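Inside the fold
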Amino acid sequence: MEINKEKTVCFTAHRPHLLYGYNKKTSGNQKIIRGLYNEIVRHIKEYGIDTFISGMALGGDTWAAEIVLKLKSEYPNIKLVCAIPCFRQEIKWKEYDRMFYHAILDRSDYVHYVSKKEYTKKCMWNRDKWMVNNSKYVIAVYNGEPWTGTGLTYNYAVKKNRIITRIDPYKLGGFFNGYKNY
């Protein structure tokens with residue numbers, strides 16, 4: 001599949017343990033999901049975006065992918081590209097998470113394996129660079145911590161002059177799982 005970078009958004013997001021936990025129904029995660037939904041629709045309407053790339057990590061990546069798939073009934077021209085960092089990325093996940101992951105892959109428009117090898121220390125970073133390099137826009141669920149994978153991807157997108165929309169989980173209110181405020 002050829003990707004038109006000018007009409008493409010990629011997602012970067014912290015894993016659930018740095019957000020509001022693994023239950024997507026928590027109040028904080030529901031606010032993130034609503035923010036993702038609103039930004040995806042805004043990008044479709046304002047920028048004519050028709051391709052969305054998800055790195056398919058647990059949390060914001062898979063939640064965004066699920067939203068794109070749900071929006072296909074309203075916007076049938078949009079496409080979901082799943083950028084998989086390595087072969088069997090999901091092997092150590094809980095069964096429910098693996099089923100959710102595969103259900104998204106099965107309904108996506110294209111699955112791109114950045115590496116067909118199993119996990120290496122660089123595979124996630126290589127996936128993140130591939131996504132940014134193939135997108136003009138980035139939607140980031142980012143808490144501002146620079147040395148996380150999301151932080152590195154965010155800063156790479158800045159360096160590459162991408163148009164970035166940041167959803168800051170700190171500003172959503174509620175208990176923030178990754179960094180407890182005392």
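Please refer to the structure placed before this passage.
Note that the coordinates shown come from a computational prediction; the quantities given were computed from them, not determined experimentally.

Our focus in this paragraph is the overall build of the protein. On a plain count of helices and strands, the protein comes out with five helices and six strands. Ordered by position in the sequence, the α and β elements of the protein form the string β-α-β-α-β-α-β-α-β-α-β. For 182 residues, the compact-globule estimate of 2.2 N^0.38 gives 16 Å, and the C-alpha radius of gyration of the protein, at 15 Å, lies within 12% of that figure. Projecting the C-alpha coordinates of the protein onto the three principal axes gives extents of approximately 50 × 40 × 35 Å. Within the protein, the fraction of its 182 residues that count as buried is 51%. Taking the contacts inside the protein whose residues are at least 6 apart along the sequence as the reference set, 80% of them involve residues at least 24 apart. As displayed, the protein offers around 9,500 Å² of accessible surface, 51% of which is attributable to carbon and sulfur atoms.

Spanning 21 residues, helix α1 (residues 27-47) covers 29 Å between terminal C-alpha atoms, matching the ideal 30 Å at 1.5 Å per step. Within α1 the residues assigned to the buried category are G28, N29, I32, I33, G35, L36, E39, I40, V41, H43 and I44. Of the surrounding secondary structure, the elements contacted by the buried residues of α1 are β1 (8-13), β2 (51-54), α2 (60-71), β5 (137-141) and β6 (163-167). Positive phi appears at G48, one or two residues downstream of α1, with a value of about 70°.

Next up on the list: the pairing of β2. Here β2 shows no split at all, with T51 and I53 on one side and F52 and S54 on the other all buried. Here three bridges tie β1 to β2, and the two strands are oriented parallel to one another. For C10, the partnering residue across the bridge sits in β2 and is I53. The parallel pair β1 and β2 is bridged by α1, and the resulting crossover is right-handed. Where β2 meets strand β3 (residues 79-84), four bridges bridge the pair, whose relative direction is parallel. Across the sheet, T51 pairs through a bridge with K79, a residue of β3.

Moving on to the environment of Y96. Structurally, Y96 can be placed in helix α3 (residues 95-107). Judged by relative accessible area, Y96 falls into the exposed class, the value being 57%. Residues Y96 and S54 lie 42 residues apart in sequence; the distance between their C-alpha atoms is 19 Å.

What counts and how
Each chain carries its own residue numbering, running from 1 in the written order of its sequence. In view of the model being predicted, local features appear only for residues whose pLDDT reaches at least 70, and side-chain atom pairs are presented and counted only at 80 or more, with totals across whole chains, interfaces and linings using the full set of residues. Each side-chain value is derived from all of the structure's non-hydrogen atoms; neither hydrogens nor water enter the calculation. Starting at the N terminus, helices and strands are each numbered in turn, a helix being any DSSP run of H or I of at least four residues and a strand any DSSP run of E of at least two. As defined in this context, the radius of gyration uses C-alpha atoms, and a globule is described by 2.2 Å times the residue total to the power 0.38. Three labels apply to residues, based on accessible area from a 1.4 Å probe with only protein chains included: buried if under 20% of the type maximum, exposed if over 50%, partly exposed otherwise in between. By the convention used here, residues are in contact when the closest approach between their heavy atoms is within 4.5 Å. The method behind every accessible area is Shrake-Rupley, applied with a 1.4 Å probe, and residues are considered shielded solely by the protein chains displayed. For a helix, the expected span equals 1.5 Å multiplied by the residue count minus one. Pairing between strands is defined by DSSP: at least two bridges between the two strands are required. Orienting the strands away from the viewer, one traces the path from the first strand over the helix to the second; a clockwise path indicates a right-handed crossover.

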